[in-house]
Amino acid sequence: AKDSPLPGAQGALASLTRDWEVTYLSARGAAGAFQATSKWLKEHQFPNYGQLVLVSDPLEKLDWLQDATHARPGRPVTLVDDLTRGHHLAQPLPDENMRAAL
């Protein structure tokens with residue numbers, strides 16, 4: 001993928017992985033997306049993660065977060081998201097549906 005990480009993203013996640021279990025959660029429903037996403041994370045030197053989860057639609061991230069919260073009561077679950085969509089475009093767009101749902 002040609003997309004570049006947001007500045008400081010790798011360092012911020014490296015800091016989080018020292019004390020937290022990090023799950024990468026992304027809305028990518030295309031065939032082969034898991035392998036491509038995993039490769040992109042490695043190529044851009046993102047820290048090791050506990051889990052990579054792909055959903056088809058950004059709003060499904062909220063369902064996954066609810067399930068994760070119920071599966072592990074008492075453990076904090078936090079979403080860090082750029083709240084944009086259309087990364088295949090020249091300029092990503094704000095994801096207004098996701099923002100409204102939060």
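Going by the structure above, here's the rest.
Residues numbered from 1 in each chain as written. Predicted model: local features only at pLDDT ≥ 70, side-chain atom pairs only at ≥ 80, totals over all residues. Heavy atoms only, no water.

A. Focus on the nonpolar core. Ranked by size, the top nonpolar core spans 8 residues in total: Ala9, Leu13, Val22, Tyr24, Trp40, Leu41, Phe46 and Leu52. Mapped by element, the contributors of at least two residues to this core are α1 (9-19) and α2 (33-43). In terms of nonpolar packing, the next biggest core, distinct from the first, is built from 7 residues, Val53, Val55, Leu62 and Met98 among them. (Core = buried A, V, L, I, M, F, W, Y, C linked by side-chain atoms within 4.5 Å. Buried < 20%, exposed > 50% of the residue type's maximum accessible area, 1.4 Å probe, protein only. Helix = DSSP H or I, 4+ residues; strand = E, 2+ residues; numbered from the N terminus.)

B. Seen up close, the pattern of salt bridges. For the structure on display, the rule yields 3 salt bridges. Close ionic contact of glutamate 43 with lysine 39 constitutes a salt bridge, the shortest N to O distance being 3.7 Å. Note that glutamate 43 and lysine 39 are positioned in helix α2 at a spacing of 4 residues, about one turn of the helix. Among the residues examined, glutamate 43 registers a relative accessible area of 48% and is labelled partly exposed. Judged by its relative accessible area of 52%, lysine 39 is exposed. With its nearest N and O atoms 2.6 Å apart, the salt bridge here joins aspartate 81 to lysine 61. With aspartate 81 in the loop between α3 (60-71) and β3 (84-85) and lysine 61 in helix α3, this pair connects stretches of sequence that are 20 residues apart. Residue aspartate 81 is classed as partly exposed on the basis of its relative accessible area, which comes to 24%. Taking relative accessible area as the criterion, lysine 61 reaches 10% and is therefore assigned buried. (Salt bridge = Lys/Arg side-chain N within 4 Å of Asp/Glu carboxyl O.)

C. Main features of the side chain of serine 26. Position of serine 26 among the secondary structure elements: in strand β1 (residues 23-27). Taking the relative accessible area as the measure of exposure, serine 26 reaches 15% and is therefore buried. Other than its neighbours up to four places away in sequence, serine 26 contacts Val53, Leu54, Val55 and Lys61. (Contact = heavy atoms within 4.5 Å.)

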